[in-house]
Amino acid sequence: MSTPTPEIPVRMLFDRLLVQPEVDASERQSSAGLVIPATAKGPKRLAWAVVVAKGEHVRQVSVGDRVLFDPEERAEVEVGGTDYVLLRERDVHGVSQQGEASRAAGLYL
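Because the structure is predicted, anything quoted here is derived from the model rather than measured.

A. Representation of the pairing of strand β5 (residues 66-69). Neither face of β5 is open: one carries Arg66 and Leu68, the other Val67 and Phe69, and all of them are buried. In the sheet, β5 pairs with strand β8 (residues 92-95) via 3 bridges, with the strands oriented antiparallel. Looking at the pairing, Val67 lines up with Val95 of β8.

B. Main features of the environment of Arg88. Inspection of the secondary structure assignment puts Arg88 in strand β7 (residues 82-88). What makes Arg88 partly exposed here is its relative accessible area of 29%. In this structure the C-alpha to C-alpha distance between Arg88 and Leu17, which are 71 residues apart in sequence, comes to 5.9 Å. With near-sequence residues (within four places) excluded, Arg88 lies in contact with Asp15, Arg16 and Leu17.

C. The pattern of salt bridges, seen in detail. With the rule as written, the count across this model stands at 2 salt bridges. Taking the shortest distance from any N to any O, the salt bridge between Arg16 and Asp15 comes out at 2.9 Å. Taking relative accessible area as the criterion, Arg16 reaches 25% and is therefore assigned partly exposed. Across the salt bridge formed by Arg66 and Glu22, the nearest N and O atoms sit 2.5 Å from each other.

D. Structural detail: the side chain of Asp15. On the secondary structure map, Asp15 appears in the segment before β1 (16-21). At 2.9 Å, the side chain of Asp15 and the side chain of Arg16 are in polar contact. Residues within four places of Asp15 in sequence aside, it is in contact with His57, Val58, Leu87, Arg88 and Glu89.

E. Geometry of the packing of aromatic side chains. Per the counting criterion, the structure on display carries 0 aromatic pairs. Positioned above the aromatic ring of Trp48 is the side chain of Arg66, whose terminal nitrogen or guanidinium carbon lies 4.3 Å from the ring centre.

What counts and how
- Here the residue numbers are simple positions, counted from 1 along each chain's written sequence.
- pLDDT decides what is reported in this predicted model: residues at 70 or higher carry local features, side-chain atom pairs at 80 or more are listed and counted, and totals for whole chains, interfaces and linings draw on all residues regardless.
- Excluded from the side-chain calculations are hydrogens and water; all other atoms, namely the structure's heavy atoms, are used.
- Summary of the burial criterion: residues with accessible area below 20% of their type's maximum are buried, those above 50% are exposed, and those between are partly exposed, where the area comes from a 1.4 Å probe applied to protein chains only.
- In this text, helices come from DSSP runs of H or I with a minimum length of four residues, and strands from runs of E with a minimum of two, each type numbered from the N-terminal end.
- A pair of strands counts as paired when DSSP detects no fewer than two bridges linking them.
- Note on contacts: a residue pair is in contact if any heavy atoms of the two residues lie within 4.5 Å.
- Within this document, salt bridges are pairs made up of a side-chain nitrogen of Lys or Arg and a carboxyl oxygen of Asp or Glu, the two lying within 4 Å of each other.
- Polar contacts, as counted here, are pairs of nitrogen or oxygen atoms within 3.5 Å of one another; within protein the pair requires one atom able to donate a hydrogen and one able to accept it, and residues that are adjacent in sequence qualify only if both atoms are side-chain atoms.
- In this scheme Phe, Tyr and Trp rings, the latter by its six-membered ring, pair at centre separations within 6.5 Å, and the angle between planes marks the pair as stacked below 30 degrees, edge-to-face above 60, and tilted otherwise.
- Charge over a ring is defined by NZ of Lys or CZ of Arg lying within 6 Å of the ring centre and within 35 degrees of the ring normal.

Written as structure tokens, this is what we have:
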């Protein structure tokens with residue numbers, strides 16, 4: 001994608017993905033400009049992340065892809081001072097097919 005990812009000193013196994021979550025979406029803003037805190041109850045909200053490493057049996061996702069996942073079902077790990085999330089390929093709900101222009105406008109599935 002646009003930001004080059006540093007070389008990750010971890011080799012992922014089987015169907016595992018190492019992703020870097022985008023800016024913390026726990027607090028979000030309504031269309032009217034109100035800040036909605038992470039503690040507010042509402043529908044389940046998925047999050048976006050960029051794939052930085054993948055296992056040899058991952059077939060549908062590539063390094064650099066922007067993927068949609070459930071932030072409640074994740075395992076976090078810190079590598080080189082950066083926080084990442086470990087997922088199985090089957091835990092990915094979608095892969096963004098849009099280019100850089102749609103990211104600025106916001107892409108919602």
